[in-house]
Structures are given as structure tokens and as C-alpha cells.
Amino acid sequence: MEPTVEKLETMFLKSEADLEYIERRLKLDFISSASENECSAKENVTVILNNLKSIKDKHSVLRSEVSKITDAQKESMVFIRNRLSRAMELIKLCHQASDLEV
């Protein structure tokens, strides 16, 4: 279960880097097209950059949620391991008390 969460984190980090690359690329593309098309291209750049900012904000929220889920999952795994270990100790004690070998 933990490798899956780590894989998700890696995918989110990669997608964040991809978004940043796309943002830089869009800025360059629209700056060059703005010089060719004048004012309308500048307005489009603003709208697209605002949309991109919104997407990046949503991505950050999702990444934060994945981080919280990862922390909760790790905590639950520690709890389960501790309970399982304690159960194994109790089974061992029961076997010893009844003179059985494990």
C-alpha cells in the first residue's frame, strides 16, 4: 500500500514540474504571438495565465491532500504492525502457558 502512495506522490511532483514547464512555454509562445498580433494576443495571455494559475492552485490542493492521506496511511500501518506484533506475542505466551511449541 505504501509503494502506491509513494508512486502517487512521485506522479504529483512530476505533474507539478510539467505544469511549470507548460506555464513557461505558454508565456514564451504568447509573448512571441503577441508581438505579431498586438493587443488581442495580450488579452489571451492574461486569461490563459489566470487559468493556468487556477489549475496550479487546484494541483497544490490535491498534492496537499495526498500528503495527508500518506501520513494517515503510514500512521495506520504503524498501528496495525504494533497490534499484530502484540497479538503474536500473546499467541506465543498462550502456547508457552499450555506447554506447546511454536
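This text follows the structure it describes.
Below is a short write-up of the structure. (Residues numbered from 1 in each chain as written. Predicted model: local features only at pLDDT ≥ 70, side-chain atom pairs only at ≥ 80, totals over all residues. Heavy atoms only, no water.)

Assigned secondary structure in the protein chain consists of two helices and zero strands. When contacts within the protein chain are restricted to residue pairs at least 6 apart in sequence, long-range pairs at least 24 apart make up 77% of them. For the protein chain, the computed accessible surface area is about 8,300 Å², with 60% contributed by carbon and sulfur atoms. (Helix = DSSP H or I, 4+ residues; strand = E, 2+ residues; numbered from the N terminus. Contact = heavy atoms within 4.5 Å. Areas by Shrake-Rupley, 256 points an atom, 1.4 Å probe, with all protein chains shown as cover.)

Okay, the environment of L8 next. Tracing the chain through its elements places L8 in helix α1 (residues 2-37). Separated by 62 residues in sequence, L8 and T70 have C-alpha atoms that sit 9.5 Å apart.

Let us now look at the pattern of salt bridges. Per the stated rule, a full pass over the model turns up five salt bridges. Among the ionic pairs, D18 bridges to K14, the shortest N-O distance being 3.0 Å. Of the two residues, D18 and K14 are both situated in helix α1; the distance of four residues between them amounts to about one turn of the helix. Assessed through its relative accessible area of 34%, D18 is described here as partly exposed. One salt bridge in this structure joins R63 and E16, with 3.8 Å as the shortest N-O distance. (Salt bridge = Lys/Arg side-chain N within 4 Å of Asp/Glu carboxyl O. Buried < 20%, exposed > 50% of the residue type's maximum accessible area, 1.4 Å probe, protein only.)

Our next topic: a nonpolar patch on the surface. There is a patch of nonpolar side chains on the surface, built from L84, M88 and I91 and spanning about 310 Å² of accessible area. Here L84 is to be found in helix α2 (residues 39-97). (Patch = residues over 30% accessible without salt bridge, like charges linked within 9 Å, V, L, I, M, F, W, Y side chains within 5 Å.)

So, on to the side chain of T70. Structurally, the position occupied by T70 is in helix α2. T70 has contacts with V5 and E9, leaving out every residue within four places of it along the chain.

Without other data, these values stay purely geometric and don't point to any function.
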